Amino acid sequence: MGIPSTSRSERFQRGFIAGLLAGILASGIMLLLSLVTGGISLPEALGSAIAIKLPLPIFNYLHEHLGGDAKEYLFYIILIGQCLIFALCGGLCNLLIDRLHVSYVHMRDEQGDLPYRVGVGLAFVLWLFSGLIFLPLTGSGVFGAGLTTSVTTTMINLAVTGLAYGLIFILLHNWLAWQALKRITQSGTETAAVLETKRNERRSFIRGGLIAIGLGTLGVAAWRFIVGTGGSSTADPALESNLVKGYQQKISPPPTPNYDTGTFPQIQGLSPEVTPNEEYYRVSKNFLSDPTVNGTTWKLTVDGLVSKPYTITYSDLANFPTQTQYESMMCISNEVGGEYMSNAKWEGIRLKDILQRAGTINPGSTKVVLYAADNYSDSIHLSKALEDTTMMALHMNGQALPSEHGYPARLLVPGIYGMKHVKWITHIQVVNTDYQGYWQQNGWSDAAPIKMTSRIDTPLDGAQIGAGKPSYIAGVAFSGNLGISQVDVSTDGGKSWQVATLKRPLSALTWVLWELSWTPKAGHQEIVVHAVDMQGNVQDPTLAEPIPNGSSGYHTITVTAI
Ligand SMILES: Nc1nc2c(c(=O)[nH]1)N[C@H]1C(S)=C(S)[C@@H](COP(=O)(O)O)O[C@H]1N2
Ligand SMILES: [Mo]
């Protein structure tokens, strides 16, 4: 009784099919593990590496045509790729074993079966490859060490995935081999007996496999439970879970906002949703005094690379259509948890309309420069200048613009830090150069997109609060023009997180008020907050100083409950 002769291509095919099916199952297990244990899965690692390295024009193109879905598509494409690689591994493994003539007899028994130790070996090779080569190549470090996620979790997850793949592969492969054997020896009674014993062996293996998978799942759940409830972790847990979450969120759909049902509570210490003009943050370069512009003599000049430059007075502005919008602003020099962030209702004229009045804009124009009465200037890109929400504001919360906020006219450019919101505008100029403004000449970012941020307004850092008394943790979260879809709050320094309730924002350009009901236990508590935007990006946990691109990191406070 010998091996039924099979061709190389037949063996490759058998390995490929077994590898593909095993790969699909193993990929499912991998994703499940990354969800349950918070570890990173390989498609996520690769997906975020690609998302980060993608050249900006391609990224913009994809974003324009696929929107937030682009990340999802990328994820599925990579996932399919991973299954195909698993399949290829199966096919190649099957061929390779035939090549190892010397140990041939040990690697394959008479029926053409592969012993399970081949599967374990395959799992080990894949484990080493993904941990030592693949993850470092995606920038995640050896076994995900660069993620500051627990290396052990990644090692275990990858090992479980690899073993699942290896063992399922052998199981399927042998089943396929058995089917082939059955076809070839349909008449032989002697072989029928062999088939019967093999069938029994297989049944008991399947039973064993199911029990193993069941126990494994239980084990993971139990371990998760232990780790999740007060188990101590070596790495900074806040950083760990959030960074991993950051990677996952980058390529998965954003959460549905947990908006209140019109019952957002009045909370003492929480910022008012609309900042009164007197309380609105104030920043200017002027040490001694800001300019006081006389509205009756004020003139606005629009010129540069336009066909019909013009100059108008304040009363001429009444000829333009107006637009009202809520928009929050934040200064690029705002520290994490800082006060340089406010929200107002603005009324004014679209910059687009002001430029249109100057005729046609020369082809090749790149930027629009805004000059102010205090010799301040800054520029924005022409495409940004033509957006519907970019405007010259004349009113703030229903009043003429207060002097300190730029009377008679200031720029609003949502999504970009406060410094580009030029106050006391006197002159608007279209240019074809890369004009650098006042702060840029001092080393600050020119693009200056707002970094997502979240702030705990109440309780205050260092406060003493009543233990066992129901109270609130509340604050604001802001991401420029990207919106906020979720705010997570931790009361144990980032070990565990709870989803806060959001107040439905006044517009897509404002901050979002959030709250979490809370009854503190006695003792010191470390409260941490982070947010997720409407695209599913998670706030950056990396601590960064404001200069040159704006601060980042999670607002963290400590309170004592007695
Ligand atoms: N003309 C002029 N505009 C300016 C500035 C300035 O110094 N001069 N400061 C900018 C900065 S850094 C910020 S954060 C915002 C602050 O606007 P606010 O004082 O109305 O909050 O205005 C911007 N516009
Ligand atoms: Mo600023």
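Undergrad: Teacher, can you tell me more about the site of ligand 1 here?
TA: Inspection of the region around ligand 1 gives 20 residues, with Tyr 281, Lys 285, His 405, Arg 410 and Lys 423 positioned closest. At 2.7 Å from an oxygen atom of ligand 1 is found a main-chain nitrogen or oxygen belonging to Tyr 281. Within the complex, 100% of the 530 Å² of free accessible area of ligand 1 lies under protein. Here the shell around ligand 1 is built from residues that sort into 11 nonpolar, four polar and five charged.

Undergrad: Looking at this model, I keep getting lost on a nonpolar patch on the surface. Mind explaining?
TA: Residues Phe 124, Leu 128, Phe 129, Leu 132, Ile 133, Leu 137 and Val 142 make up a contiguous nonpolar surface patch of roughly 670 Å² in combined accessible area. By the element assignment, Leu 132 lies in helix 6 (residues 116-137).

Undergrad: Explain the sheet that holds strand 15 (residues 498-499) to me, please; I cannot follow it from the model alone.
TA: Two pairing modes exist for strands in a sheet, parallel and antiparallel, and in both the strands are linked by backbone hydrogen bonds. Read from one edge to the other, the open sheet built from five strands follows the order 12-19-18-14-15, with strand pairing classed as mixed. Looking at the sheet topology across the chains shown, the edges are occupied by strand 12 (464-465) and strand 15.

Undergrad: Just checking my understanding: could you explain the pairing of strand 19 (residues 556-561) for this structure?
TA: Consecutive side chains along a regular strand alternate between the two faces of the sheet. Taking every second residue as pointing to the same face, the buried face of strand 19 carries Ile 557, Val 559 and Ala 561, while none of Thr 556, Thr 558 and Thr 560 on the other face is buried. Two elements, strand 12 and strand 19, share two bridges in a ladder whose sense is parallel. For Ile 465, the partnering residue across the bridge sits in strand 19 and is Ala 561. Summarising the sheet, strand 18 (residues 523-533) and strand 19 pair through six bridges and their orientation is antiparallel. By the bridge assignment, Ile 527 is partnered in strand 19 with Ile 557.

Undergrad: Would you mind showing me how to read the nonpolar core here?
TA: Proteins that are soluble and globular tend to have nonpolar side chains buried together. Counting residues in each nonpolar core, the largest one holds 48 residues, and the members touching the most others are Met 392 and Ile 428. Beyond its immediate sequence surroundings of up to four residues, Ile 428 is in contact with Leu 300, Thr 301, Val 302, Asp 303, Leu 351, Ile 354, Leu 355, Val 368, Val 369, Leu 370 and Met 392. Counting residues in each nonpolar core, the second largest holds 22 residues, with Ile 456, Ala 463, Val 512 and Trp 514 among its members.

Undergrad: Explanation requested: the sheet that holds strand 1 (residues 299-304) in the structure shown.
TA: What the five strands build is an open sheet, ordered 2-1-10-5-6; its pairing is mixed. The open sheet has two edge strands with one neighbour each: strand 2 (310-313) and strand 6 (377-381). Across the sheet, the mean angle from the axis of one strand to that of its neighbour is 15°, orientation sign disregarded. Relative to strand 6, strand 5 (residues 367-372) is paired through five bridges, and the arrangement is antiparallel. Residue pairing for strand 6: Leu 370 is matched across the bridge by Asp 378.

Undergrad: Explanation requested: the environment of Gln 486 in the structure shown.
TA: One can find Gln 486 in strand 14 (residues 484-490). Taking the relative accessible area as the measure of exposure, Gln 486 reaches 13% and is therefore buried. When the C-alpha atoms of Gln 486 and Met 534 are compared, they prove to be 8.2 Å apart, with 48 residues separating the residues in sequence. At 2.8 Å, the side chain of Gln 486 forms a polar contact with the side chain of Asp 488.

Undergrad: Can you help me understand the packing of aromatic side chains in this one?
TA: Given two aromatic rings, their pairing is described by the distance between the two centres and the angle made by the two planes. For the structure shown, the criterion picks out 13 aromatic pairs. Pairing Tyr 314 with Tyr 407 gives two aromatic rings, centres 5.8 Å apart and planes at 50°, and the pair type is tilted. With a gap of 93 residues between them, Tyr 314 in the loop between strand 2 and strand 3 (323-330) and Tyr 407 in the loop between strand 8 (399-400) and strand 9 (410-412) connect regions that are remote in the sequence. Centroid distance Tyr 376 to Tyr 438: 5.6 Å. Interplanar angle 35°. Geometry classified as tilted. Here Tyr 376, found in the loop between strand 5 and strand 6, pairs with Tyr 438, found in the loop between strand 10 (425-431) and strand 11 (453-458); they are 62 residues apart in sequence, far enough to count as distant. Here Tyr 438 falls in the partly exposed class, since its relative accessible area comes to 28%. Each member of the aromatic cluster is reached from another via a ring pair, and the members are Tyr 280, Tyr 281, Tyr 340 and Trp 346. The cationic tip of Lys 285 hangs over the ring face of Tyr 438; the distance from NZ or CZ to the ring centre is 5.7 Å.

Undergrad: Is there a simple way to explain unusual backbone geometry in this structure?
TA: What you tend to see is this: most non-glycine residues have negative phi, and most peptide bonds are trans. Going from Thr 458 to Pro 459, the amide bond is cis rather than trans, its omega being 0°. Relative to the helices and strands, Pro 459 resides in the loop between strand 11 and strand 12. The residue after Ile 547, namely Pro 548, is reached through a cis peptide bond having omega 5°. Looking at where Pro 548 falls in the secondary structure, it is placed in the loop between strand 18 and strand 19. At Ala 448, a position not held by glycine, the phi torsion is positive, near 50°. Mapping Ala 448 onto the fold places it in the loop between strand 10 and strand 11. With a relative accessible area of 0%, Ala 448 lands in the buried category.

Undergrad: Would you explain the pairing of strand 13 (residues 471-478) in this entry?
TA: Of all eight residues making up strand 13, six are buried, and the element is well covered by its neighbours. With five bridges connecting them, strand 11 and strand 13 associate as antiparallel partners. Looking at strand 13, one finds that Ser 454 is bridged to Ala 477. Pairing geometry for strand 13 and strand 17 (residues 512-518), over seven bridges, is antiparallel. Bridge pairing links Gly 475 to Trp 514 in strand 17.

Scoring rules and cut-offs
Residues numbered from 1 in each chain as written. Chains lettered and ligands numbered in written order. Predicted model: local features only at pLDDT ≥ 70, side-chain atom pairs only at ≥ 80, totals over all residues. Heavy atoms only, no water. Near = heavy atom within 4 Å. Polar contact = N/O pair within 3.5 Å; in protein donor to acceptor, adjacent residues only side chain to side chain. Areas by Shrake-Rupley, 256 points an atom, 1.4 Å probe, with all protein chains shown as cover. Nonpolar A, V, L, I, M, F, W, Y, C, P; charged D, E, K, R; others polar. Patch = residues over 30% accessible without salt bridge, like charges linked within 9 Å, V, L, I, M, F, W, Y side chains within 5 Å. Salt bridge = Lys/Arg side-chain N within 4 Å of Asp/Glu carboxyl O. Helix = DSSP H or I, 4+ residues; strand = E, 2+ residues; numbered from the N terminus. Pairing = 2+ DSSP bridges. Buried < 20%, exposed > 50% of the residue type's maximum accessible area, 1.4 Å probe, protein only. Core = buried A, V, L, I, M, F, W, Y, C linked by side-chain atoms within 4.5 Å. Contact = heavy atoms within 4.5 Å. Axes fitted to C-alpha atoms, helices over the stretch in contact; angles between N-to-C directions. Phe/Tyr/Trp six-rings, centres within 6.5 Å; stacked < 30°, edge-to-face > 60°. Lys NZ or Arg CZ within 6 Å of the ring centre and 35° of its normal.

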